[in-house]
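Examination of the molecular architecture
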Amino acid sequence: MSAAPLLQVSGLSKYYGPRMGCTDISFDLWPGEVLGVVGESGSGKTTLLNCLAGLMVPDAGRVVYDTRAEGPRDTLAMAEPERRMLMRTDWAFVHQNPRDGLRMGVSAGANVGERLMAVGARHYGRIRGAALDWLGRVEIAADRIDDRPAAFSGGMQQRLQIARNLVTGPRLVFMDEPTGGWMSACRRGFWT
């Protein structure tokens with residue numbers, strides 16, 4: 001096991017005026033662990049994920065990530081370009097609404113390929129090959145690679161978003177109801 005947790009969260013809180021989004025959340029997440037957050041609609045799960053991923057600024061607390069280059073760093077103290085680089089390299093975020101995590105105006109293959117290009121890939125054939133591989137892994141037919149996400153069902157959009165996020169092998173993946181729009185048979189296959 002690693003010497004330090006991959007993610008350390010302490011005292012994380014977010015309020016919307018007088019209403020609580022989440023309060024005093026603390027946990028350590030070690031490499032290889034999976035943490036599921038369960039709760040009723042409106043209980044703060046999405047707020048928590050957005051605060052953890054730096055998409056929303058919490059009112060209190062710390063989020064420390066064990067970076068590859070510099071070891072543990074407080075992500076809330078990072079400059080915005082540093083956090084964006086984490087989101088392109090070490091982190092991934094699968095949004096509850098796939099339209100929030102996809103570029104609807106470009107093809108499915110380009111959605112997957114853009115993430116590879118963000119980490120330095122430049123060979124078109126290898127990028128397209130990786131996109132085809134990942135589309136297959138999420139059960140999207142290869143002949144749909146040049147289709148735009150707007151032509152996909154909600155469940156297909158969500159699967160495309162998952163392929164887009166996992167293609168670079170991120171160390172930490174945030175998922176907000178990733179299988180919500182899927183048929184039950186697809187959900188079972190995803191979790192097994």
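Along each chain, numbering runs from 1 in the same order as the chain's sequence is written. Selection of residues for local features in this predicted model requires a pLDDT of at least 70, selection of side-chain atom pairs for listing and counting requires 80 or more, and totals for whole chains, interfaces and linings are taken over all residues. To obtain the side-chain values, all non-hydrogen atoms of the structure were used and water was disregarded.

Here a strand is any run of E in DSSP of at least two residues, a helix any run of H or I of at least four, and the numbering for each starts at the N terminus. Secondary structure summary: the protein contains six helices and six strands in total. Across the protein, helices and strands are ordered from the amino to the carboxyl terminus as β-β-α-β-β-α-β-α-α-α-β-α. In this treatment the radius of gyration is a C-alpha quantity, and the globule benchmark scales as 2.2 Å times the residue count to the 0.38 power. Its C-alpha atoms give the protein a radius of gyration of 17 Å, near enough to 16 Å, the size a compact globule of 192 residues would have. Reported as C-alpha extents along the three principal axes, the dimensions of the protein are approximately 50 × 40 × 30 Å. Whether a residue is buried, partly exposed or exposed follows from its accessible area with a 1.4 Å probe, protein chains only, as a fraction of its type maximum: under 20%, in between, or over 50%, in that order. Looking at the protein as a whole, 42% of its 192 residues qualify as buried. Working rule for contacts: check all heavy atoms of both residues, and any pair within 4.5 Å makes them a contact. Here the contacts in the protein between residues at least 6 apart in sequence split such that 61% fall between residues at least 24 apart. As presented, the protein carries roughly 10,300 Å² of accessible surface, and 53% of it is formed by carbon and sulfur atoms. Positive and negative side-chain charges of the protein, numbering 23 and 20 respectively, have mean locations separated by a distance of 5 Å. The method behind every accessible area is Shrake-Rupley, applied with a 1.4 Å probe, and residues are considered shielded solely by the protein chains displayed. Residues counted as positive are Lys and Arg, residues counted as negative are Asp and Glu, and His and the chain ends are not counted. In this description, the location of a charge corresponds to atom NZ of lysine, CZ of arginine, CG of aspartate or CD of glutamate.

Here we come to helix α2 (residues 80-88). Listed in full, the buried residues belonging to α2 are R83, L86 and M87. Axial view of α2: buried residues confined to an arc of 100°, hence all on one face. Where α2 is buried, its residues contact β3 (60-67), β5 (91-94) and α3 (108-118). The reported arc concerns the directions from the helix axis to the C-beta atoms and nothing else.

This part covers the environment of A3. On the secondary structure map, A3 appears in the segment before β1 (7-16). A3 sits in the exposed class, given a relative accessible area of 82%. A C-alpha to C-alpha distance of 41 Å links A3 and V106, two positions 103 residues apart in sequence.

Time to look at the pairing of β1. The side chains of a regular strand alternate between the sheet's two faces. A pair of strands is considered paired only if DSSP assigns at least 2 bridges between the two. Alignment of β1 against strand β2 (residues 19-29), held across seven bridges, turns out to be antiparallel. Bridged to L7 within β2 is L29. The antiparallel pairing of β1 with β2 creates a hairpin that spans two residues between the two strands, and G17 there sits at a positive phi of about 65°. Both β1 and β3 contribute to a ladder of five bridges, which runs antiparallel.

Here we take up the side chain of T75. Along the chain, T75 falls in the loop between β4 (71-74) and α2. Given the relative accessible area of 1%, T75 is considered buried. Residue contacts for T75: discarding those within four places in its chain leaves V63, Y65, R83, L86 and W91.

What follows covers the sheet that holds β2. Whenever strands of a sheet pair, they do so through backbone hydrogen bonds, lying parallel or antiparallel. Strand order in the open sheet made by the four strands is β2-β1-β3-β4, with antiparallel pairing throughout. Edge positions in the open sheet fall to β2 and β4, since each of these has one partner strand only. Averaged over neighbouring strand pairs, the angle between their axes works out to 20° when direction is ignored. As paired strands, β3 and β4 are joined by four bridges and run antiparallel to one another. Counted as the bridge partner of V64 is D74 from β4. Packing against the sheet, helix α1 (residues 45-52) makes contact with β1, β2 and β3, and its axis sits at approximately 125° to β1. Lines fitted to C-alpha atoms define the axes here, with helix axes fitted over just the stretch in contact, and angles between the N-to-C directions of these axes take values from 0 to 180 degrees.

Another aspect to go through is the pattern of salt bridges. For this analysis, a salt bridge means a side-chain nitrogen from Lys or Arg found within 4 Å of a carboxyl oxygen belonging to Asp or Glu. According to the stated counting rule, one finds twelve salt bridges in the structure shown. Linking E114 and R164 is a salt bridge whose minimum nitrogen-to-oxygen distance equals 3.2 Å. Here E114, found in helix α3, pairs with R164, found in helix α5 (residues 154-166); they are 50 residues apart in sequence, far enough to count as distant. Residue class for E114 comes out partly exposed when judged on its relative accessible area of 23%. With a shortest N-O distance of 3.0 Å, D133 and R137 are connected by a salt bridge. Residue D133 and its partner R137 are located together in helix α4 (residues 124-137), separated by four residues, close to a single helical turn. Among the charged side chains, a network of salt bridges with common partners joins R68, D90 and R171.

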